[in-house]
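Fold and geometry: a report
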Amino acid sequence: MSAKPLIHLASASPRRGDLLKQIGVSFNQFPVDITEECRAGEVAEVFCLRLALEKARAGRARLPSSDSRPVLGSDTVVALNEHVLGKPANREDALTMLRQLSGHTHEVYTSVALVGADEWAESRLSVSHVTFRVLEEEEIAAYWATGEPADKAGAYGIQGFGAIFVERLEGSYSGVMGLPLFETAELLKHFGIKILKTDES
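Figured I'd write up the structure that's included with this text. Just so we're clear, the structure is a prediction, and the values are computed from it rather than from any experiment.

Let us now look at the packing of helix H3 (residues 91-101) against helix H4 (residues 137-145). In the contact formed by H3 and H4, the axes pass within 10 Å of each other and the chain directions differ by 135°. By the angle between their directions, the pair H3 and H4 is classed as oblique. You can see that H3 and H4 cross each other, and the crossing is right-handed. Of H4, the residues touching H3 (which contributes Arg 91, Ala 94, Leu 95, Leu 98 and Arg 99) are Glu 137, Ile 140, Ala 141, Tyr 143 and Trp 144. Looking at side-chain class alone, the contact of H3 with H4 contains 7 nonpolar, no polar and 3 charged residues.

Laid out in structure tokens, this is it:
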């Protein structure tokens with residue numbers, strides 16, 4: 001028998017679901033529909049935090065007031081030289097992004113937000129620095145053909161084939177995947193949900 005969900009996950013991402021399972025958090029998962037566009041003059045970290053909170057609030061709005069479980073929202077933003085690289089629109093867009101990342105260090109911002117039934121909200125931000133080795137044109141094209149880059153910010157996934165491009169990572173591996181587990185656990189604790197506890201606690 002599966003455990004009763006402790007939280008709601010306002011995301012369709014299987015990666016975020018897998019990361020929550022990794023730390024033993026049971027959840028009910030559903031997607032939310034919000035506009036994910038960077039506003040004029042909005043820097044990457046502010047953009048990332050705003051989207052996570054909007055996702056969590058959109059998820060909360062779908063639930064009855066009698067459901068006291070908090071809603072988790074998360075967002076990941078890839079930025080190179082302060083320029084946000086979103087999900088690629090098509091093959092050429094993805095190839096252009098990967099060429100830009102080739103041989104350079106970029107930032108990955110991943111935010112997590114929790115919203116309670118009383119609309120109390122908290123959020124956290126993880127910032128990682130990822131360095132790509134120089135990529136060959138042939139492997140960039142072959143990587144697109146795997147299908148992996150199509151729905152990923154920055155056109156790559158570190159949990160898949162994209163890992164072979166990463167020469168160095170400074171920060172949170174789980175954050176680059178899509179859900180920073182340190183920050184997530186800290187937020188859950190603030191909402192009364194402990195990851196590790198004894199029977200007495």
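On to the pattern of salt bridges, then. Under the counting rule described, the total for this entry stands at 12 salt bridges. Notably, a salt bridge pairs Glu 42 with Arg 50, separated by 2.7 Å at the nearest N-O pair. Each member of the pair, Glu 42 together with Arg 50, is buried. Residue Arg 168 is joined to Glu 170 by a salt bridge in which the shortest nitrogen-to-oxygen separation is 3.2 Å. Using a relative accessible area of 44% as the deciding quantity, one classes Glu 170 as partly exposed. Several salt bridges converge on common partners, so that one network encompasses Arg 39, Glu 42, Arg 50 and Glu 54.

Bringing the packing of aromatic side chains into the picture now. Tallied over the full model, the rule gives 4 aromatic pairs. Here the aromatic rings of Trp 120 and Phe 191 are separated by 4.5 Å at their centres, their planes lie at 15°, and the arrangement is stacked. In this pair, Trp 120 sits in the loop between strand S5 (105-115) and strand S6 (121-132) while Phe 191 sits in the segment after helix H6 (181-190), placing the two residues 71 residues apart along the sequence. According to the relative accessible area criterion, Trp 120 is partly exposed, its value standing at 39%. The exposure class assigned to Phe 191 is buried, which follows from its relative accessible area of 17%. Between Phe 132 and Tyr 156, the ring centres sit 4.8 Å apart and the planes meet at 70°, which makes this aromatic pair edge-to-face.

Calculation notes
- Residues numbered from 1 in each chain as written.
- Predicted model: local features only at pLDDT ≥ 70, side-chain atom pairs only at ≥ 80, totals over all residues.
- Heavy atoms only, no water.
- Axes fitted to C-alpha atoms, helices over the stretch in contact; angles between N-to-C directions.
- Helix = DSSP H or I, 4+ residues; strand = E, 2+ residues; numbered from the N terminus.
- Parallel < 35°, antiparallel > 145°, perpendicular 65-115°, else oblique.
- Left-handed = near helix turned anticlockwise from the far one by under 90°.
- Contact = heavy atoms within 4.5 Å.
- Nonpolar A, V, L, I, M, F, W, Y, C, P; charged D, E, K, R; others polar.
- Salt bridge = Lys/Arg side-chain N within 4 Å of Asp/Glu carboxyl O.
- Buried < 20%, exposed > 50% of the residue type's maximum accessible area, 1.4 Å probe, protein only.
- Phe/Tyr/Trp six-rings, centres within 6.5 Å; stacked < 30°, edge-to-face > 60°.

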